[in-house]
Amino acid sequence: MDYTAFIRPEYVLMLLFAGALITYFAGKYSSMARYSLSLLFSGLALLMVALLYGKNTLSVWTPSITPNGISMYVGTNPLTWFFAIILASLSFLTIMYSIPIMKGKRMENWFYTLTLLLMGSMLGVVFSSDLLSFFIFWEMMTLSSYLLVTLAGKRSDKAALNYMILSTMGAYSMLTGITMLYVHFGTTEFSLLSAQIPGTPVNFLWLSLGLVAVGFLVKSAALPFYVWAAPAYSEAPDGFTPLFSGALSKLGAYGLFLFMYVIVGMSALIGMGSFRGVSSFGYAIALLGSITAFIATLYAIREDDIKRLLAYSSVSQVGYILMGLGIGTSLSVAGSLYHALNHALFKTVLFMGAGAIIQLTGTRKMSEMGGLATRMPITFLTMLISIFSLAAIPMTSGFGSKWLIYEAAINKGFVFIAPLAFVASVGSFLYSFRLLQAVFLGQLPDGLKDAKDPSLLVTIPMIALTSITVLFAIVPGVPLGAIASAESYMGIQPIQVDSLFYFRIGNSFGAYNALVVMTILLFAMLVAMIMFAFAGSKSKKVDQHDTYLSGEIYEHHSDLGLHYAANFYRPIERMFEPYLRLRLERTYDAFGRGYELLSEGIRRVYSGDVQTYVYYVIGFLGMLIILAGWWW
Amino acid sequence: MIYYMAAAFLIAIGIYALMLKKNMIKMVIGLSLMDSGVNLLLISLGYINGGTAPILLNGVKPQEVVDPLPQALVLTNVVIGVSVTALALSVIIRVYKHYKTLNSDKVRDMKW
Amino acid sequence: MVNIDPTLMIGIPLFMGFLIPSVAIVWKNSPRYLAGFTILFNLIASTLLLIRSLNAPVISVLGGWQPPYGIVFVAGPLGSMLALLISSMTMLTWFYLPPHIKEGNETKFYMLFILLMAGATGMVLTGDLFNLFVFTEITSIASFSLLAYSRGKDEKEAVEATIKYMIIGSLSSAFFLIGIALLYGATGTLNMADLASKIPSANHNLVMMALAMIITGLGIEAEMFPLNGWTPDAYTGATHPVSVMFASVVVKAGFFALIRVVFLIFGAATEALQILMIFGLLTLFVGESSALRQTDLKRMLAYSSIGQMGLLLVAFSLNNQTALVGGLYAMLNHAIAKGLLFMAAGSFIFALGTRDISALNGMGKRMPVTSALFTIGAFSIMGLPFFGGFISKIVIIAGSMQAGTEGMLVAILILSASLIELVYFLRVVHRIWMREPEDDSRLKEAPFTQMFPMIVLAAFVFLMGIYPQAFFKVLIPAAQELLRGLGTMIGGA
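These numbers were taken from a predicted model, which means no experiment stands behind them. (Residues numbered from 1 in each chain as written. Chains lettered and ligands numbered in written order. Predicted model: local features only at pLDDT ≥ 70, side-chain atom pairs only at ≥ 80, totals over all residues. Heavy atoms only, no water.)

A. Spatial organisation of the pairing of strand S1 (residues 58-61) of chain C. All names here are of chain C. Of the two faces of S1, the one lined by Val 58 and Ser 60 is fully buried and the one lined by Ile 59 and Val 61 carries no buried residue. Sheet topology note: the S1/strand S2 (residues 72-75) ladder contains 4 bridges and is antiparallel. Note on S2: the bridge partner recorded for Val 61 is Val 72. (Buried < 20%, exposed > 50% of the residue type's maximum accessible area, 1.4 Å probe, protein only. Helix = DSSP H or I, 4+ residues; strand = E, 2+ residues; numbered from the N terminus. Pairing = 2+ DSSP bridges.)

Rendered as structure tokens:
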């Protein structure tokens with residue numbers, strides 16, 4: 001039998017949706033069936049997605065669903081494949097990781113069902129080739145991720161609701177834009193749409209694209225909408241956060257890529273107005289991205305809660321992705337896509353590690369951890385490399401992507417975006433250092449003496465993802481090759497990839513040879529390690545409170561802030577304190593409360609007294625009669 | 001013309017009672033008055049001064065005949081009005097049983 | 001193909017209404033079965049009628065008097081679709097009835113129940129304006145009495161709601177009748193098609209005055225703000241199956257009457273549509289906002305109904321085919337989903353003994369099936385994909401986009417209101433599934449007879465979400481019928 005006939009995106013989606021259903025019913029009776037089936041379905045889907053590489057398909061999914069006979073299409077192309085493979089592999093690894101992490105948690109069965117459903121709908125978002133199915137999958141994705149967040153129980157109530165409300169707001173804005181496009185062009189299929197774009201009034205494009213972009217900006221937690229992100233990422237069940245932050249947050253960027261470059265296209269985008277050769281629309285996105293990156297970094301620096309720190313870090317890293325996306329040059333788009341990949345790799349590992357540590361220590365406060373490096377070497381190493389990648393330290397692939405984005409920003413001479421990005425980058429080094437120091441280094445608290453690495457099911461995904469991070473640092477040509485073809489699909493000049501180790505950055509900036517850089521850096525690291533090994537023997541281990549108490553006997557209270565991780569970056573916090581107090585959350589809260597108050601007032605209209613209602617009726621009639629006399 | 005004015009007057013009294021009288025029985029009386037007003041209005045629409053019953057005997061010209069249709073309508077509406085009034089009054093008895101008042105201000109347990 | 005005269009769909013229930021109390025004297029259990037058979041008859045008749053009317057409108061002349069002098073029944077695709085909706089919702093409610101109505105009073109209840117169906121069916125099928133008034137009154141009186149039906153601890157609220165509904169409802173009928181009188185005075189006819197052709201040449205002021213009166217009169221039945229003061233109380237005070245009937249049958253028939261008058265008789269008068277648009281948006285926002293802070297489950301659903309009726313008004317007043325189809329779809333979806341919600345809420349309240357939303361904590365564990373059904377209904381009203389509400393929302397938005405800049409504003413307002421709706425429904429659904437109950441004991445699910453209608457409705461909600469084409473086959477001709485007007489249908493007879 002020719003199995004390749006089944007390697008089509010629609011079958012991937014069907015497999016996952018059917019899989020979710022089967023897993024639910026099978027999982028009700030046996031937990032073993034639940035684990036193996038969810039692994040099987042996600043693994044199979046991953047395999048199918050991987051085999052889709054290099055294919056270009058487009059097929060009708062269902063015939064005419066609305067009165068005007070809109071059909072739904074799915075298809076794949078280099079851009080969707082690039083995102084699909086990230087999403088599919090992360091989903092698979094997260095499911096594997098969740099088996100020990102989510103064991104015995106509430107509604108465990110639903111967790112796997114919903115994760116498969118989410119995987120299906122995320123892949124549906126990237127595979128869908130028309131506006132309607134895009135929107136349907138988008139809503140499904142929002143709903144299933146919302147449900148996954150709520151699985152954490154009462155603690156996550158507010159975060160989940162806020163996430164859902166903001167997402168739906170974004171989705172409705174998107175729906176408005178989408179219907180505008182549909183009503184104007186009379187088609188929903190992407191390629192037919194993009195063929196009609198040239199010659200469209202600029203105002204119309206701004207309005208519709210802007211409305212659609214709001215939906216994506218909400219999902220990517222960009223500036224005015226980022227308030228949902230930190231609570232939702234951090235309150236979500238530990239098994240879901242890696243997927244949430246690693247995979248789902250990329251879909252906002254995917255949507256922007258899709259609408260800006262695939263549907264509207266570069267030339268029409270430039271036609272909407274440009275700024276130094278960059279489309280104004282893209283510039284606005286880039287600006288939002290850079291400000292988001294900056295602000296979220298500041299918040300991350302303050303956090304003591306490990307998941308919240310990582311959550312803010314996610315927001316800021318997605319800001320980088322948006323920055324590169326908006327600038328829209330060959331370099332920056334490559335950087336943006338590459339950073340999306342890298343962020344997916346390292347943030348997933350970090351959240352997985354954080355989840356494992358939280359399960360072990362029972363706390364999310366970093367000031368109650370410490371010294372875990374010796375007890376959890378695998379977790380430590382994988383997280384260390386991921387943190388390096390996050391902080392864009394050379395030798396990890398995070399370096400390459402951030403560098404590309406900087407180069408692009410500098411190349412264009414953006415005096416606002418580039419510095420913000422740099423400052424945010426320093427900030428990300430600061431908070432990742434805090435993470436490293438507070439959790440893994442220093443002294444081990446008494447309660448954690450017998451801590452050890454989590455089970456293989458947790459470490460395998462982490463090791464797998466980390467080794468990809470390292471691998472891609474050495475051979476950036478592999479991901480960049482896929483990125484280049486995605487870029488050419490989007491009608492952007494593809495980045496030049498000369499060999500696996502080597503790529504050119506523009507023509508003026510020369511080239512980056514990963515192999516050479518890596519060798520030099522490894523050598524330097526080795527020298528440093530040798531030096532440390534000789535000098536290290538002089539150090540002496542002391543109790544972690546001795547730094548403050550000088551050996552005095554003292555009741556240990558973690559809330560006294562004596563842990564070295566408490567108030568880690570006090571000076572920086574003090575510097576930005578007045579600004580950090582102006583939190584956008586408050587505006588949203590105030591708006592929400594204000595509306596509730598307003599509606600409390602509105603419902604007083606229904607006074608309960610029948611005579612009031614008689615007044616309303618007579619008043620309404622009187623008004624109509626007056627209108628009938630004068631106006632009509 | 002006088003009939004139209006009388007009809008308008010009756011309707012106005014009904015609305016007055018509904019808007020300003022707190023007593024629910026008076027409100028129902030108001031409704032009943034409005035109903036009568038509407039009936040009068042309907043009748044006067046088809047009424048021709050000095051016309052005869054719409055029975056086409058010899059010598060009766062169509063334009064001298066009172067329009068029969070409004071009369072049929074009024075008959076129907078009278079029946080409806082009676083039943084609504086009766087039902088309303090019986091409900092008011094039950095309201096009184098529970099609230100010990102007929103004041104519409106006081107009968108507002110359900111609100112907002 | 002058997003042809004059943006639409007007149008029989010009114011005649012037989014009316015006749016049975018008289019028969020039920022008399023047979024009940026000799027056979028005590030008969031009312032339920034007699035009522036059931038009557039509803040079944042109407043269900044079959046309306047199905048056949050719908051099939052016939054898709055080809056050509058079915059016109060039935062009463063008493064041999066030709067229109068425009070006699071009374072006619074006109075069943076186009078739209079009217080017969082609604083007749084089918086009414087009879088099927090009545091049938092399903094009939095299944096749902098037993099535990100909610102008490103022994104002894106059954107006879108009266110079933111009699112009124114059938115009358116309600118007959119009145120509502122008459123409202124959608126009649127082609128004569130005064131006849132419309134009579135059927136409106138039959139429906140109203142039946143609903144007044146059904147509303148006052150509660151005994152025991154619910155009685156106090158029920159009578160309060162009844163007297164409010166009665167006063168406002170009678171006011172509405174008075175205004176409606178004045179409007180009819182004025183129209184008759186201006187044109188000298190009551191046949192709808194004839195009216196439609198004579199109105200352009202009639203006295204404009206008089207006609208507009210009549211329009212104002214009729215909009216006020218029927219607006220009360222259609223829950224239009226600010227005429228809907230009776231609505232939340234009536235939904236709350238009624239026994240659960242009666243709430244279902246209100247949401248799915250009475251209000252839909254009233255709304256349809258309003259739409260028919262505005263569209264068919266007044267030829268979609270722009271002035272009236274503008275008024276409907278503005279007040280539809282107001283209704284939408286007032287309804288949804290009032291629901292946001294409710295703590296009473298049924299009252300929340302009632303306000304949500306008001307909001308949905310506002311949405312329907314907006315959709316219809318956009319007056320283009322897409323929006324009309326969307327509006328009709330929303331109408332169907334709302335009748336089905338809100339019926340389901342009221343049934344499920346009824347089962348919750350029946351089991352819990354309270355209407356308080358906070359008592360629903362953890363109901364997903366205590367009454368899983370009912371909770372799942374409630375969730376399906378809520379998801380559909382919220383407009384999530386794969387449920388009927390999603391399709392209707394999308395189609396309405398697409399329709400409003402066709403109305404230019406103004407339409408865009410309307411779309412944004414509709415979606416904002418939809419967001420409010422999402423919030424409060426989500427809160428309830430969240431409570432049901434995610435909160436831990438204070439009392440963990442399993443509650444008894446409703447018996448199968450009650451579960452059956454809910455399951456059927458839930459299946460329809462799904463079907464509407466995943467296979468909308470089936471419904472569009474009927475809805476598109478229905479929308480075209482509205483747009484085309486009555487003139488062509490009866491040949492201006």
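B. Region of the structure containing the pattern of salt bridges. According to the stated counting rule, one finds 22 salt bridges over all chains in the structure shown. Ionic pairing is found between A:Glu235 and A:Arg364, a salt bridge with its closest N-O pair at 3.4 Å. Residue A:Glu235 is located in helix H9 (residues 229-235), and its partner A:Arg364 is located in the loop between helix H15 (330-361) and helix H16 (372-375); the two are separated by 129 residues in the primary sequence. Judged on exposure class, the residue A:Glu235 and its partner A:Arg364 are both buried. A:Glu596 is the salt-bridge partner of C:Arg427, the closest N and O atoms lying 2.4 Å from each other. Note that C:Arg427 is positioned in helix H17 (residues 404-434) and A:Glu596 in helix H25 (residues 584-602), a pairing that runs across two chains. A residue is classified by how much of its surface remains accessible, and C:Arg427, at 31% relative accessible area, is partly exposed. Linked through salt bridges whose partners overlap, the residues forming this network are A:Glu596, A:Glu600, A:Arg603, A:Arg604, C:Arg293 and C:Arg427. (Salt bridge = Lys/Arg side-chain N within 4 Å of Asp/Glu carboxyl O.)

C. Expanded view of helix H8 (residues 204-221) of chain C. Residues and elements named next belong to chain C. The end-to-end C-alpha separation of H8 is 26 Å, in line with the 26 Å expected for 18 residues at 1.5 Å each. Of all 18 residues in H8, 14 are buried, a share of seventy percent or more. Of the residues flanking the start of H8, the one acting as N-cap is Asn 203, its side-chain oxygen 3.1 Å from the backbone nitrogen of Asn 205. One or two positions beyond H8, positive phi appears at Glu 223, with a value near 60°. (Expected span 1.5 Å × (residues − 1). Polar contact = N/O pair within 3.5 Å; in protein donor to acceptor, adjacent residues only side chain to side chain.)

D. Representation of helix H2 (residues 31-51) of chain A in the model. Residues and elements named next belong to chain A. An ideal rise of 1.5 Å per residue puts 30 Å on 21 residues; H2 measures up with 30 Å between its terminal C-alpha atoms. Every buried residue of H2 is listed here: Arg 34, Tyr 35, Leu 37, Ser 38, Phe 41, Ser 42, Ala 45, Leu 46, Met 48 and Val 49. Buried-residue contacts for H2 involve helix H1 (9-29), helix H3 (78-101) and helix H4 (108-127). The residue sitting at the N-terminus of H2 and contributing the capping side-chain oxygen is Ser 30; that oxygen lies 3.2 Å from the backbone nitrogen of Met 32. (Contact = heavy atoms within 4.5 Å.)

E. Spotlight on the interface of chain B and chain A. Taken together, the 15 residues of chain B in the interface contact 11 residues of chain A. Taken over both partners, the interface formed by chain B and chain A buries close to 1,100 Å², and the fraction arising from carbon and sulfur atoms is 56%. Broken down residue by residue, the surface that chain B buries against chain A is led by B:Met19, B:Arg108 and B:Trp112, which jointly contribute 56%. Linking chain B with chain A are 0 salt bridges. Across the chain B-chain A interface, the total number found is 7 residue pairs in polar contact (both at pLDDT 80 or more). In terms of residue count, helix H1 (residues 2-20) of chain B provides more of the side of chain B that touches chain A than any other element does, 5 residues in total. Its residues assigned to classes, the side of chain B that touches chain A comprises 9 nonpolar, 1 polar and 5 charged. (Buried area = accessible area lost by both parts, 1.4 Å probe. Nonpolar A, V, L, I, M, F, W, Y, C, P; charged D, E, K, R; others polar.)

F. Geometry of the interface of chain C and chain A. Taken residue by residue, the interface counts 72 residues in chain C and 56 residues in chain A. For the pairing of chain C and chain A, the buried interface totals around 5,800 Å² over both sides, and the portion due to carbon and sulfur atoms is 76%. On the surface where chain C and chain A come into contact, there are 4 salt bridges. Along the contact surface separating chain C from chain A lie 10 residue pairs in polar contact (both at pLDDT 80 or more). Per-element accounting of the side of chain C that touches chain A gives the leading share, 13 residues, to H17(C). Among the residues forming the side of chain C that touches chain A, the class breakdown is 50 nonpolar, 13 polar and 9 charged.

G. Seen up close, a positive patch on the surface. A surface patch of like charges, here positive, comprises B:Lys97, B:Lys100, C:Lys108 and C:Arg151. By secondary structure assignment, the location of B:Lys97 is in helix H3 (residues 68-99). (Patch = residues over 30% accessible without salt bridge, like charges linked within 9 Å, V, L, I, M, F, W, Y side chains within 5 Å. Areas by Shrake-Rupley, 256 points an atom, 1.4 Å probe, with all protein chains shown as cover. Lys, Arg positive; Asp, Glu negative; His and termini not counted. Charge placed at Lys NZ, Arg CZ, Asp CG, Glu CD.)

H. Representation of the nonpolar core in the model. Core analysis: the largest hydrophobic core is formed by 430 residues, its most contacted members being A:Leu123 and A:Phe259. The leading source of residues in this core is helix H10 (residues 240-265) of chain C, at 19 residues. Setting aside its immediate chain neighbours within four residues, A:Leu123 contacts A:Val12, A:Leu13, A:Leu16, A:Val49, A:Ala84, A:Leu87 and A:Ala88. Of all hydrophobic cores here, the second largest spans 15 residues; its members include A:Tyr320, A:Tyr406, A:Ile417 and A:Ala421. (Core = buried A, V, L, I, M, F, W, Y, C linked by side-chain atoms within 4.5 Å.)

I. A look at the environment of C:Ala458. Residue and element names in this part refer to chain C. With respect to the helices and strands, Ala 458 occurs in helix H18 (residues 448-466). Spatially, the C-alpha atoms of Ala 458 and Gly 377 are 6.8 Å apart, while their sequence positions differ by 81 residues. With sequence-adjacent residues up to four places away left out, Ala 458 is seen in contact with Leu 340, Leu 373 and Ile 376.

As far as function goes, none of this settles anything; it's purely spatial.
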